[in-house]
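Overview (structure and organization)
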Amino acid sequence: MTRYNPSEIESKWRGAWDAAGSFHTDEDGDKPFYVLEMFPYPSGRIHMGHVRNYTLGDVVARFKRAQGFSVLHPMGWDAFGLPAENAAIENKVHPAKWTRENIATMRDQLKTLGLSIDWDREVATCEPEYYKHEQKMFLDFLREGLAYRRESWVNWDPVDQTVLANEQVIDGKGWRTGAPVEKRRLSQWFLKITAFSEELLSALDSLDRWPDKVRLMQRNWIGRSEGAVLRFEIPGRAERLECFSTRPDTLYGMSFCAIAPNHPLTEELSKDNPALAEFVAECNRMGTSEEVIETAEKKGFDTGLTVRHPFMPDREFKVFVANFVLMEYGTGAIFGCPAHDQRDMDFARKYGLSVTPVVLPPGEDPATFTLADEAYTGEGALFNSDFLDGMSVTDGIRAAIDRLESLEAGTGRVTYRLRDWGVSRQRYWGCPIPIIHCLSCGAVPVPDSDLPVKLPEDVTFDKPGNPLFHHPTWKNVSCPSCGGKAERETDTFDTFFESSWYFARYADPHNAEKGFTRESAARWLPVDQYIGGIEHAILHLLYSRFFTRALKQCGYLDVEEPFAGLFTQGMVCHETYRDEKGAWLFPSQVRRDGDAAVHVDTGAPVTVGRSEKMSKSRKNVVDPVDIVNSYGADTARLFMLSDSPPDRDLEWTESGVEGAWRFLSRVHRSIAEDDGGLAPIGTARPGSLSDAAAEAERLTHKTIDGVTQDLERFHFNRAIARIREFSNALFGLKGDGDDMRWVRRFGFETLTRLMAPMTPHLSEELWSTLGHETMLVDEAWPVADATMLVEDTVTVGVQVNGKLRATIELPRDCDKAKAEELALAEENVQRALDGNAPKKVIVVPNRIVNIVA
RNA sequence: GCGGGCGUGGCGGAAUUGGUAGACGCAAGGGACUUAAAAUCCCUCGAUCUUUGAUCGUGCCGGUUCGAGCCCGGCCGCCCGCACCA
């Protein structure tokens, strides 16, 4: 008796695939297909989220390969980033060493999953062979005007002497030091993603193999709004005040203007106005967290300036500096119409400004309509508005813009919420920005011949701040332009920079001259199927879309969109456990005892909490390595794919894993221990089959058809349900006549082939057990015989007044009269009719008969 | 506040997109095998009742339809994204 021994089987077949070069990318085949999963950050160990992500991708890759596609399925490492620096500081290990060791560990772990990856194409973004190309890209962007430098605000930790990302600022304090975070102004590099705002928005419509949800999130993020820029005269001053508004139709309801605390005009005025300067400082102190914004009161400071109304030159309105006006959006200045904007209303009530309604809600009387403290933002007819009176909001907007343009007091304008991408990070473990700062020449690009600018590895982390800044020699260079004394840029790129083009590098991973050739990009891009977490719905995907367009503009490639198909997987969740003191416990420390749960060692009661995303902080994690060691990779993979649809969250349960294990053991046992019930390989189909054998044959074809469709549509959980149903029928077949022996072989072989994308090792083993000398990985995907998919008879439900009363067997496509006759003949139907004649009979062929009594 | 999604047995989820609700699995209960256990195999498994059958049942209320888990209107609940974006 041969027991199912996954560790033996799995290492054997991984070795065989390796030796045969089974997953080597075919550069010549005429059906290229690029499957890509988001590459991992080398944190040290793989987690269940990786297992799910890479299993999903591997099912697609193996399925497509079997269907005859030349599949590109690579893997690499998103290897720059903050955790490496944290490890350096905490454990005194160099980020490079830490990262490379983590990569080695995780590569080994990933390999045990049996993924059909071409490891010859592996890339690690922290290596100069990779990042030298993005330095070149950056310089090309600079030449094209797609990169530029300007001052920008950052979160500064005064103790660590470092810049903090927004998520490292907790309650206004540095996450590590607890010191109050300061706002600092630094010169930083930006990529001009806003040059593509409209394109990035409109091209979303063409991404029809992306989830609607992700497209919507990107749409909102880009945030297009149509409106007008108004240029208000400021009596006593030469310049005008520019305000953006989506509602120029409400101009007659205006009662003030407000400008941002960091508006240039504010900065000028506060120079000789200490009270204003103090107000601005107060605004800057105010955090930007959700909670603060939610509860913050609208506050303003009267500048003493006024603006003149464009349509009513005799009317002037006060200009305030207001804490709720953002410099980053529009022009950093607004006109306030309290009646039709809640923020303006709050502000007007606080400072006693006038509230003039100019949009009349339907059914209201203009003579009596007033507003309390709620602004009216709906549709209606304009009134109190001179030439706009009677118009709808939409017509009013157009008419107001026309008038503003004729008065040269404004113009129609489209504004986007999207802002340029700041790529400078004051960090060590990242790609050096290839710029040299010269006192006389300014920021000078490093010449191509001097690339790459290598990140020096002889650094220490004993001083706070960026080690590049303290490096004794690296920084000091001569200016490439004038030869004078100069310094290197010590900032490095945001790590989203590396992940914005890695998918293209895989097309040509060993090219030392270029990031990739146009030809390789033309062959493989865009990625046919990209798979990853929803958490990257906006930034990573948007940056990659931008990068692809920027690269196209610089002549690198000819596509605009990097990812033709996108699938976003759900999270892997697990119950949470806490002991009596409230401390989190690992699942391995907990034993379930019916409804109760107790500590494995002490027997003390354990509180079971709701299921949440697996996370180290809550300890509700299960280590994939443990699962692979005790059940094998195929069981882990099968469980990942069973039950939960891939786009929904998956609940990890021990019993579910056991169920997957039981199923695989059963398949193994049933096929490996089959004693003589199988026809030899290549036996022709017998001329006639018994009913049972014919039914099994038909089911086999139906299963091929169903599983194929399910895999194509990412319904992996249904594919597995179908396979289980199929195997239940198959293993229950009795008899050893020629027909049974033939159909059993046909069924068993089909089963192993259909399971191969999900459980590749076991399938390969069984393929061999069934007597094949070739490897299953090289076999073509089975194709169903279409004539076998239709039954001769169908079971049709019979309803009386919509309620099911019977089912009848009918010949396929049987005529309506016959169906009606047979339906009415049913005893239960007659009883339900209770002697009444049917008023009407609806017959839907092959579906249902409904009798209306 | 704005935008989006989802509510189906004890649980995860199926349901050819308007046509037999609950596939497949998990858990539970019963039985067989065994000295015993594990493993395995078989049976039951939405609720209620007057149990060869009937009634109810897809968050709640209503509508359209011969027929609604699916479509429409209104509620309730949960989840996600954005958030002073003018």
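Chain A goes by Leucine--tRNA ligase in an unreviewed UniProt entry, where it is assigned to Pacificispira spongiicola. What the UniProt record of chain A gives under Subcellular location (unreviewed entry) is the line "Cytoplasm". Per UniProt, the comment on chain A under Catalytic activity (unreviewed entry) is "tRNA(Leu) + L-leucine + ATP = L-leucyl-tRNA(Leu) + AMP + diphosphate".

1. Brief notes about the pattern of salt bridges
Counted by the stated rule, this structure contains 46 salt bridges. In this structure, Glu 101 and Lys 97 form a salt bridge, with 3.0 Å as the shortest nitrogen-oxygen distance. Taken together, the residues span about one helical turn, with Glu 101 and Lys 97 both in helix α4 (residues 95–111) at a distance of 4 residues. When its relative accessible area of 48% is taken as the criterion, Lys 97 is described as partly exposed. Its salt-bridge partner being Asp 212, residue Arg 215 comes within 2.8 Å of it at the nearest N-O pair.

2. A short note on the pairing of strand β12 (residues 256–259)
The two faces of β12 match: Phe 256 and Ala 258 on one face and Cys 257 and Ile 259 on the other face are all buried. Relative to strand β15 (residues 333–336), β12 runs antiparallel, the two being bridged by 4 bridges. Within the sheet, the bridge partner assigned to Phe 256 lies in β15 and is Gly 336. Pairing of β12 with strand β14 (residues 316–322), which is carried by 3 bridges, proceeds in the parallel orientation. Bridged to Cys 257 within β14 is Val 319.

3. Remarks on the protein's contact with RNA strand B
As a structural note, the neighbourhood of RNA strand B is formed by 51 residues, with Thr 246, Lys 298, Tyr 329, Arg 343 and Arg 718 the closest of them. Sugar and phosphate atoms constitute 63% of the interface atoms of RNA strand B, taking the interface as everything within 4 Å of the protein. Here a sugar or linking oxygen of RNA strand B and a side-chain polar atom of Lys 213 are 3.4 Å apart. Take Asp 643: an N or O atom from its side chain is 2.9 Å from a base nitrogen of RNA strand B.

4. A few points about the sheet that holds strand β27 (residues 566–569)
An order of β2-β1-β26-β27 is seen for the 4 strands of this open sheet, with the pairing classed as parallel. If you trace the sheet from one side to the other, it starts and ends with β2 (70–72) and β27, each paired once. Strand-to-strand twist of the sheet, defined as the mean angle between neighbouring strand axes without regard to direction, takes the value 20°. Sheet analysis places strand β26 (residues 529–533) next to β27, joined by 4 bridges and oriented parallel. Each residue of the ladder has a partner; that of Gly 533, found in β27, is Gln 569. Sheet contacts for helix α2 (residues 48–66): β1 (32–37), β2, β26 and β27; angle to β1, the most-contacted strand, approximately 170°.

5. Thoughts on the packing of aromatic side chains
For any two aromatic rings, the description comes down to two numbers: the centre-to-centre distance and the angle of the planes. Enumeration over the complete set of coordinates arrives at 47 aromatic pairs. Considering the side-chain rings of Phe 63 and Trp 781, the 5.0 Å spacing of their centres and the 80° angle between planes classify their relative orientation as edge-to-face. One end of the pair, Phe 63, is in helix α2; the other, Trp 781, is in the loop between α24 (760–769) and β34 (793–800), with 718 residues separating them in the sequence. Pair check on accessibility: Phe 63 and Trp 781 agree, each one buried. Cluster of aromatic residues (ring-pair linked, three or more members): Phe 138, Phe 141, Trp 189, Phe 196, Trp 421, Phe 493, Phe 496, Phe 497, Tyr 543, Phe 546 and Phe 547. Above the plane of the ring of Phe 324 lies Lys 298, whose end atom (NZ or CZ) is 5.6 Å from the centre. Of note, Arg 578 hangs over the ring of Trp 584, and the distance from its end group to the ring centre comes to 3.8 Å.

6. Structural notes on the UniProt feature "short sequence motif: 'HIGH' region" (unreviewed entry) in chain A
UniProt's entry tags residues 40–50 with the feature "short sequence motif: 'HIGH' region" (unreviewed entry), counted in the numbering of this structure. For residues 40–50, the helix share is 27%, the strand share is 0%, and the end-to-end C-alpha distance is 8 Å.

7. What about the environment of Pro 261?
In this structure, Pro 261 sits in the loop between β12 and α8 (264–270). Each C-alpha atom of the pair Pro 261 and Glu 282 lies 9.6 Å from the other, and the pair is 21 residues apart in sequence. Every residue in contact with Pro 261, bar those within four places of it in the chain, is listed here: Thr 266, Val 280, Cys 283, Val 321, Ala 322, Asn 323 and Val 325.

Reading guide: rules and limits
- Residue numbers here run from 1 along each chain, matching the order of that chain's written sequence.
- Naming scheme: in the order in which they are written, chains are lettered from A and ligands are numbered from 1.
- Side-chain atom pairs in this predicted model are given and counted only at pLDDT of 80 or more, local residue features only at pLDDT of at least 70, and totals for whole chains, interfaces and linings cover all residues.
- Derived side-chain values reflect all non-hydrogen atoms in the structure, with water molecules and hydrogen atoms excluded from consideration.
- UniProt positions are given in the numbering used here, feature names are shortened, and annotations may be inferred rather than shown by experiment.
- When a carboxyl oxygen of Asp or Glu is within 4 Å of a side-chain nitrogen of Lys or Arg, the pair counts as a salt bridge.
- Each helix is a run of DSSP H or I of at least 4 residues and each strand a run of E of at least 2, with the numbering of both proceeding from the N terminus.
- For the exposure calls, accessible area comes from a 1.4 Å probe over protein chains only, and a residue counts as buried if that area is under 20% of its type's maximum, exposed if over 50%, partly exposed in between.
- Pairing between strands is defined by DSSP: at least two bridges between the two strands are required.
- For this description, a residue counts as near a given molecule or strand if any of its non-hydrogen atoms is within 4 Å of it.
- A 3.5 Å cut-off defines polar contacts: any pair of N or O atoms within that distance qualifies, except that in protein one atom must be a possible hydrogen donor and the other a possible acceptor, and neighbouring residues in sequence count only when both atoms are side-chain atoms.
- For every element, the axis is a line fit to its C-alpha atoms; helices are fit only across the contacting stretch, and the angle between N-to-C directions ranges from 0 to 180 degrees.
- Residues are treated as being in contact if the distance between any of their heavy atoms lies within 4.5 Å.
- Ring pairs shown here join Phe, Tyr and Trp side chains whose ring centres sit within 6.5 Å, with only the six-membered ring taken for Trp; geometry is labelled stacked below 30 degrees between planes, edge-to-face above 60, and tilted in between.
- To sit over a ring, a charge needs its Lys NZ or Arg CZ within 6 Å of the ring centre and within 35 degrees of the ring normal.

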